[in-house]
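One-letter residues, chain by chain:
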Amino acid sequence: MEKKRKIIIIVGAVLALVAAGVVAGICLGRGNQNVRLGFYDLDSETEDLFVQLIKDSYKDVEKAPAITFEHLDTVGQSVDMILMPMGKLQDKLISSIETGKKNNPSLPVSVMSDTSTSIRQKAVFMENNVVSVPLLMDNVELDVYNDALALTDTTQLQTWADIEAFALASKNNFPYPIVFAGADAETTLSIFTALTESYSGREAYQEAVNSISRFFDEKDYMPDSSEIRELLEETVQSPESPLYAAASTLARWMNSGLIHPDIFNMTKRDVEIYMENHYSSIIITTLSDHRSMSNQALKGFTSLPRALGNGGNSVGFFPSVRPASQRYLTCPMISAVLLTKNRSSEKLVKTMLSEAFQAKLAFDTGLAPVNSQCQSPDIQSDDVRFFVAATNAPITPLNQAAFADKKEMEAFTQELKAFVKMMRK
């Protein structure tokens, strides 16, 4: 009887060990699930950089999950997580996830603990869990030619009235004081977004996003020019229209000779030529385009608010009649969107938000990190992060917020440019 009891105890202990091993194996497996990471609508340099940084982050990790990288032609391809621009297409992708399923993606809010409140407000939630987090920020900025400040005795650049007065005063020395790459649809709509927020506020911006998005969603075909012009009559034509202030400002600049009458055909290379030859005193561009310009072009230019060496205005790169508490800066962002419940994906997001990863990401792209603690590559990048933290959740430019189809975005922008030219007459 005693021998039988010993056998039962030994068998029970073995079974307990086996069960513990099975549980441990399951947990280990869950902790090291493979990750299918997709990239959608990112330029090849940024995509390659993410791949390399992720590989470097995991090269010394014991029992690291296998991560496969896929360049996606559509967001419908099957992956665990997608890195993509934040905007309408991201929102449509997230809305397609069926709620209530056991394999729904989930990420605790604590993963964003090292980001500012403004950045955390850009996260997308589903069933109280985070499913999309920002990783990297761009920005719309103004660059000012330092010699023009001296030539015009300008001592203040804090409001749009200051900017226009400076531009008019510099016109004697600079043929067309304000220049931007109007031929590029994304640049044009980013500038429209920033001007709309500056002059009319976030409510006007959101009204424009909703109207444009609804117009194209209701069509199962590409609308023709006359239909798009009807949309513009609603969103641009009258002073009560959400985009009126931005459009009328550009029309006024044309009439005053502050911008070239052919501004909407100027390329990014044209802007560089204007900078290199000192044809303009104010450049409107993005931080990412700033990074691609030659040293010769950038020589002598300082981005607001650093012009005049006094820190400039206190509410960011674009002036406004509103204080910082009512500002929403225009920032294109790259986000990570979780599509499946995968613990290794969750750990990967934490890695990409870590101080070391964010610092390297910012230094290699020249853009602004979302991590509040990490080093930033230079003052422009650090200023973006600071001003976003000092204001509210940044807004996504119209080209990403209102459109899921680039052909529709291009068609709309073409008609918008024509509408502005019509307004100047």
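Residues numbered from 1 in each chain as written. Predicted model: local features only at pLDDT ≥ 70, side-chain atom pairs only at ≥ 80, totals over all residues. Heavy atoms only, no water.

### Quick word on the side chain of T330
The condition is simple: Runs of H or I in DSSP of at least four residues are treated as helices and runs of E of at least two as strands, each being numbered from the N terminus. Exposure categories follow from relative accessible area, calculated using a 1.4 Å probe and restricted to protein chains: below 20% of the type maximum is buried, above 50% is exposed, and the middle band is partly exposed. We call two residues in contact when some of their heavy atoms are within 4.5 Å.
Among the secondary structure elements, T330 is positioned in the loop between β9 (301-303) and β10 (333-338). Residue T330 is classed as buried on the basis of its relative accessible area, which comes to 6%. In this view, T330 contacts D138, N139, V140, S190, T193, A194, I395 and P397; residues no more than four positions away in its chain are not counted.

### What about the packing of helix α7 (residues 185-200) against helix α8 (residues 202-217)?
Just so we agree on the cut-off: Only C-alpha atoms enter the line fits that serve as axes; for helices the fit covers just the stretch in contact. Angles between N-to-C directions range over 0 to 180 degrees. Throughout this description, any angle smaller than 35 degrees is read as roughly parallel, any larger than 145 degrees as roughly antiparallel, any in the 65 to 115 degree range as roughly perpendicular, and the remainder as oblique. The residue classification treats Ala, Val, Leu, Ile, Met, Phe, Trp, Tyr, Cys and Pro as nonpolar and Asp, Glu, Lys and Arg as charged. All others, Gly included, are polar.
One can describe the packing of α7 onto α8 by two numbers: an axis separation of 7 Å at closest approach and a directional angle of 135 degrees. Taken together, the axis directions place α7 and α8 in an arrangement best described as oblique. Mapping the contact onto sequence places T193, T196 and S200 in α7 and R202, A204 and Y205 in α8. Residue composition of the contact of α7 with α8, grouped by class: two nonpolar, three polar and one charged.

### Observations concerning the sheet that holds β9
Note: strands within a sheet are paired through backbone hydrogen bonds, in either parallel or antiparallel orientation. Condition: Strands pair, by our definition, only if DSSP identifies at least two bridges between them.
What the four strands build is an open sheet, ordered β7-β8-β6-β9; its pairing is mixed. In the strand order of this sheet, the two ends are held by β7 (178-179) and β9, each with one partner.

### Some remarks on the pattern of salt bridges
Formally: Think of a salt bridge as a Lys or Arg side-chain nitrogen and an Asp or Glu carboxyl oxygen that are within 4 Å of each other.
Across all of its chains, the model carries 14 salt bridges by this definition. For E415, the salt bridge identified is with R229, shortest N-O distance 3.4 Å. Taken together, the residues span a long stretch of sequence, with E415 in helix α18 (residues 406-423) and R229 in helix α9 (residues 225-235) at a distance of 186 residues. R229 gets classed as partly exposed once you look at its relative accessible area, which sits at 38%. Of the charged contacts, one joins R269 and E276 as a salt bridge, the two residues approaching to 3.3 Å between their closest N and O atoms. Residue R269 is classed as partly exposed on the basis of its relative accessible area of 43%. Three or more residues are tied together by salt bridges with common partners; here these are D41, E186 and K406.

### Here's the deal with the environment of G87
Here G87 lies in the loop between β3 (81-85) and α3 (88-95). Exposure remark for G87: the relative accessible area of 9% places this residue in the buried category. Sequence separation between G87 and P332 is 245 residues; the distance between their C-alpha atoms is 8.6 Å. Not counting the four nearest positions on each side in its chain, G87 is found in contact with T396 and Q400.

### Brief notes about the pairing of strand β1 (residues 35-39)
Keep this limit in mind: Handedness is read with the strands pointing away from the viewer; a crossover is right-handed when the path from the first strand over the helix to the second is clockwise.
For β1, the buried fraction is high: four of the five residues fall into the buried class. Relative to strand β2 (residues 67-71), β1 runs parallel, the two sharing five bridges. Pairing of F39 across the sheet is with H71, part of β2. Crossover handedness for the path β1 to helix α2 (residues 44-58) to β2: right-handed. Strand direction decides the pairing type here: β1 and β3, joined by three bridges, are parallel. Bridge assignment links L37 to a residue of β3, and that residue is M81.

### Topic: the packing of aromatic side chains
Any pair of aromatic rings gets described here by the distance separating the centres and the angle formed by the planes. In plain terms, the rule: Each Phe, Tyr or Trp ring (for Trp, its six-membered ring) is paired with any other whose centre lies within 6.5 Å, and the angle between the two planes then decides the class: stacked below 30 degrees, edge-to-face above 60, tilted in between. Criterion for a charge above a ring: Lys NZ or Arg CZ within 6 Å of the ring centre, and within 35 degrees of the ring normal.
Under the criterion given, the structure shown has 14 aromatic pairs. Ring plane angle 45 degrees and centroid distance 5.8 Å describe the contact between W160 and W253, whose orientation is recorded as tilted. With W160 in helix α6 (residues 160-170) and W253 in helix α10 (residues 244-255), this residue pair connects regions lying 93 residues apart in the sequence. On the numbers, 5.5 Å between centres and 50 degrees between planes, the contact of F403 with F412 is tilted. The exposure classification of F403 matches that of F412, with both residues buried. We note R202 situated over the ring of Y328; from NZ or CZ to the ring centre the distance is 5.4 Å.

### Remarks on the pairing of β3
The buried fraction of β3 amounts to five of the five residues, a majority that puts the element mostly inside the structure. Here five bridges tie β3 to β10, and the two strands are oriented antiparallel to one another. By the bridge assignment for β10, P85 is matched with I334.

### Section: a positive patch on the surface
Quick reminder of the rule: Patch criteria: residues need more than 30% relative accessible area and no salt bridge. Like-charged residues are merged within 9 Å; nonpolar side chains of Val, Leu, Ile, Met, Phe, Trp and Tyr are merged within 5 Å. What sets the accessible areas is the Shrake-Rupley method with a 1.4 Å probe; for residues, cover comes only from the shown protein chains. The sign given to each residue is positive for Lys and Arg and negative for Asp and Glu; His and the chain ends receive no count. For this purpose, a charge sits on NZ of Lys, CZ of Arg, CG of Asp or CD of Glu.
Taken together, K341, R343, K347 and K350 make up a surface patch of like positive charges. You can see K350 is positioned in helix α14 (residues 343-352). Among the residues examined, K350 registers a relative accessible area of 43% and is labelled partly exposed.

### Examining the side chain of D162
As for its placement among the helices and strands, D162 is situated in helix α6. Discounting residues that sit within four places of it in the chain, D162 has contacts with Q156 and L157.

### Some thoughts on α6
Taken residue by residue, α6 has W160, D162, I163, E164, F166, A167 and S170 as its buried positions. Looking at the buried residues of α6, the elements they touch are β6 (140-145), α5 (146-151), β7, α7, α10 and β8 (282-286).

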